[in-house]
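Overview (structure and organization)
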Amino acid sequence: MVKERKSVAVIGLGYLGLTTAVCFTDRGFPVTGVEADARKLASLNKGVSTIHEPLIPELLAKAVKSKEIRFVGSVHQAGDPDFVFITVGTPSKADGSIDLSYVGRAAREVGALLRRNRKYRVVVVKSSTVPGTTMSLVKPVLESESRCNVGMFGLCYSPEFIREGKAVADTFQPDKLVLGGVDKRSTETVLSLYKNFYGHDLPRVIETTPSNAEMIKYASNSFLAMKVSYVNQVAKLCAAIPGCDVTVVADAIGLDKRIGRRFLDAGLGFGGSCFSKDLRALRSVARERGVSLPLVDATLRVNDDAAMAAIDGIESVLGKLGGRRVAILGLAFKPGTDDMRDAVSLRIIPELKRSGAHVTAYDPVSEENAKELLRGVKFANSASECITGADCAIIVTEWDEFRRLEPALFKKRMRYPFVFDGRRVYDPSKFRKAGIRFRAVGLGTTSR
Ligand code: NAD
């Protein structure tokens, strides 16, 4: 139970902000969620989640019922919160640099709140911002808009490491908390909030400067992305050598504690709202400072190619794809979410269309989001319907329901039973025994 019921405002209720808001409410903090998008706001006011994310609908319904959460359309209506979390988007600009305009606007609005209603409160920036942003953008904007200096209010950069699909669990059980306060009081005040939030389960806390806190987030995402690209490069070589299988290699090297098994799943590359965006932003900042980051460059380059493993793999069996019917299983950038941002499906499907293939796609939750982004694609209502009459099925997103599909279903439904496993969810020998042509990322092929 919360000892001190400090109030929290969360600005920007996307994947991160909505998760933050409902988790704070669940731990007994009164929350005001601020969302500028009128459509999202209307939905949240009805208690309907705007994202597909496990546990969010339940927590949202509970929060709305308890009346401990309210949703408003602007910071102006946020009342008198003790803490203001900034969780707005930081998308890429066309040149790869980060678009900080949403953060700047939110800071201006919060600055006005600080001016209107003077008391000590702390602004916590959780949006991913390139190193230096809190000190060079957020702090001066807050100070000029509020007409008071840090000290009269607190400011802390605290990066977020949640994974979509596991966002609630990650919020309640993070590996660490990173607190980059602009002064000691800011850090201590945010720490006291988190002590109330986590109680006896307070994770390891790293207290540091705002710029270090920002760098920790970017260095962390770059490293994870590099692991993925590394294993995908190994996969490319494995696929060219009969008898090699990248999953066997990854399982073995992952047992080495210095390496670790996580983020060594070979596939069609990473997508999502964070990895590419953050790596490109980091590279852009590095360039401005005259620093080159060849590993970041290579990580992005390898990832750009990774999706093509599927096209090469199916062409090696079917030849030219003109007129072929290709079934795409999975559209979201990863399982457990409806997020289509930078999804691999958005790279593969246009390529298949360019080759003249007819594409039918199925995803358990992201069809609505996908329809806005993909033209000339037929959407099926089930995996079974999707593969019916197809010449090839490609596993693009590793949803559990695809893992459970039996070879017999592919054999029965497809015109030409041929599966390309882009996420390594199937046992190749089981499929081959069932008489299915089988290819997979990182699987050296000798027969069938
Ligand atoms: P998102 O685009 O899903 O959500 C941002 C929301 O902010 C939108 O709903 C937008 O309408 C709203 N918004 C923008 N300006 C506003 C304002 N002035 N007032 C009120 N609402 C405003 O973004 P996201 O995926 O939630 O990511 C947010 C930030 O968190 C990004 O910097 C991202 O890199 C970082 N992050 C995201 C995740 C994740 O899992 N999505 C994980 C870690 C970090």
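First things first, this report covers the structure right here in the doc. (Residues numbered from 1 in each chain as written. Predicted model: local features only at pLDDT ≥ 70, side-chain atom pairs only at ≥ 80, totals over all residues. Heavy atoms only, no water.)

What follows deals with the overall build of the chain. A count of helical and extended segments in the chain gives 18 helices and 14 strands. The C-alpha atoms of the chain give a radius of gyration of 24 Å, which matches the 22 Å a tight globule of 448 residues would have. Along the first, second and third principal axes, the C-alpha atoms of the chain reach 70 × 50 × 40 Å. For the chain, with 448 residues in total, the buried portion stands at 53%. Pairs at least 24 apart in sequence give 72% of the contacts found in the chain among residues at least 6 apart. As displayed, the chain offers around 20100 Å² of accessible surface, 52% of which is attributable to carbon and sulfur atoms. Positive and negative side-chain charges in the chain, numbering 67 and 50 respectively, have mean positions lying 1 Å apart. (Helix = DSSP H or I, 4+ residues; strand = E, 2+ residues; numbered from the N terminus. Rg over C-alpha atoms; globule rule 2.2 N^0.38 Å. Buried < 20%, exposed > 50% of the residue type's maximum accessible area, 1.4 Å probe, protein only. Contact = heavy atoms within 4.5 Å. Areas by Shrake-Rupley, 256 points an atom, 1.4 Å probe, with all protein chains shown as cover. Lys, Arg positive; Asp, Glu negative; His and termini not counted. Charge placed at Lys NZ, Arg CZ, Asp CG, Glu CD.)

Turning to the side chain of serine 284, a few remarks are in order. Relative to the elements of secondary structure, serine 284 occurs in helix α10 (residues 275-288). Residue classification places serine 284 among the buried residues on the basis of a relative accessible area of 13%. The contacts of serine 284, once residues within four sequence positions are left out, are Gly96 and Ser97.

A few words on unusual backbone geometry. Located in the positive-phi region is leucine 55, a residue other than glycine, with phi close to 75°. Among the secondary structure elements, leucine 55 is positioned in the loop between α2 (38-45) and α3 (56-66). Since its relative accessible area comes to 46%, leucine 55 is described here as partly exposed. The phi dihedral of arginine 424 is positive, around 55°, even though this residue is not glycine. Take arginine 424: it is sitting in the loop between β13 (418-421) and α18 (428-433).

This brings us to the sheet that holds strand β14 (residues 437-440). Working definition: the strands of a sheet are paired by backbone hydrogen bonds and lie parallel or antiparallel to each other. Taken in spatial order, the 6 strands make up an open sheet running β11-β10-β9-β12-β13-β14, and their pairing is parallel. The strands lining the two open edges of the sheet, one partner per strand, are β11 (378-379) and β14. Summarising the sheet, strand β9 (residues 325-329) and strand β12 (residues 392-395) pair through 4 bridges and their orientation is parallel. Paired with alanine 327 across the bridge in β12 is alanine 393. The sheet strands contacting helix α13 (residues 345-354) are β9, β10 (358-362) and β12, and the helix crosses β9 at an angle near 175°. (Pairing = 2+ DSSP bridges. Axes fitted to C-alpha atoms, helices over the stretch in contact; angles between N-to-C directions.)

Another aspect to go through is the site of the ligand. Around the ligand lies a shell of 27 residues, among which Glu35, Lys40, Thr90, Glu164 and Lys277 are the nearest. With respect to the ligand, the backbone of tyrosine 15 contributes an N or O atom lying 3.0 Å from an oxygen atom. In the model, an oxygen atom of the ligand is placed 2.5 Å from a nitrogen or oxygen of the glutamate 35 side chain. Bound to the protein, the ligand loses 90% of the 840 Å² it would expose on its own. Of all the secondary structure elements, the ones that give two or more residues to the shell around the ligand are α1 (15-26) and α4 (101-116). Residue composition of the shell around the ligand, grouped by class: 10 nonpolar, 8 polar and 9 charged. (Near = heavy atom within 4 Å. Polar contact = N/O pair within 3.5 Å; in protein donor to acceptor, adjacent residues only side chain to side chain. Nonpolar A, V, L, I, M, F, W, Y, C, P; charged D, E, K, R; others polar.)

On the surface, a cluster of positive charge is contributed by Arg115, Arg116, Arg118 and Arg147. On the secondary structure map, arginine 115 appears in helix α4. (Patch = residues over 30% accessible without salt bridge, like charges linked within 9 Å, V, L, I, M, F, W, Y side chains within 5 Å. Salt bridge = Lys/Arg side-chain N within 4 Å of Asp/Glu carboxyl O.)

This brings us to the packing of aromatic side chains. Think of a pair of aromatic rings as described by two things: how far the centres are apart, and how the planes are tilted against each other in angle. A full pass over the atoms with the stated rule returns 17 aromatic pairs. Judged by centre distance (6.0 Å) and plane angle (65°), the rings of tyrosine 362 and phenylalanine 402 are edge-to-face. With a gap of 40 residues between them, tyrosine 362 in strand β10 and phenylalanine 402 in helix α16 (residues 400-403) connect regions that are remote in the sequence. Its relative accessible area of 9% is what places tyrosine 362 among the buried residues. Residues tyrosine 416 and phenylalanine 418 carry aromatic rings whose centres are separated by 6.5 Å and whose planes lie at 70° to one another, so their mutual orientation is edge-to-face. A residue is classified by how much of its surface remains accessible, and tyrosine 416, at 30% relative accessible area, is partly exposed. (Phe/Tyr/Trp six-rings, centres within 6.5 Å; stacked < 30°, edge-to-face > 60°.)

Another point: the pattern of salt bridges. It is possible for side chains of opposite charge to pair when their charged atoms get near one another. Applying the stated rule across the entire model yields 25 salt bridges. The residue aspartate 80 makes a salt bridge to arginine 121 at a minimum N-O spacing of 3.0 Å. Of this pair, aspartate 80 sits in the loop between β3 (69-72) and β4 (83-86) while arginine 121 sits in the loop between α4 and β5 (122-125); the two residues are 41 residues apart in sequence, bridging distant segments of the chain. For aspartate 80, a relative accessible area of 37% puts it in the partly exposed group. Under the relative-accessibility criterion, arginine 121 is labelled buried at 0%. One salt bridge connects lysine 119 with aspartate 82, and the closest N-O pair in it is separated by 2.8 Å. Remark: aspartate 82 occurs in the loop between β3 and β4 and lysine 119 occurs in the loop between α4 and β5; sequence separation between them is 37 residues. The exposure class assigned to aspartate 82 is buried, which follows from its relative accessible area of 16%.

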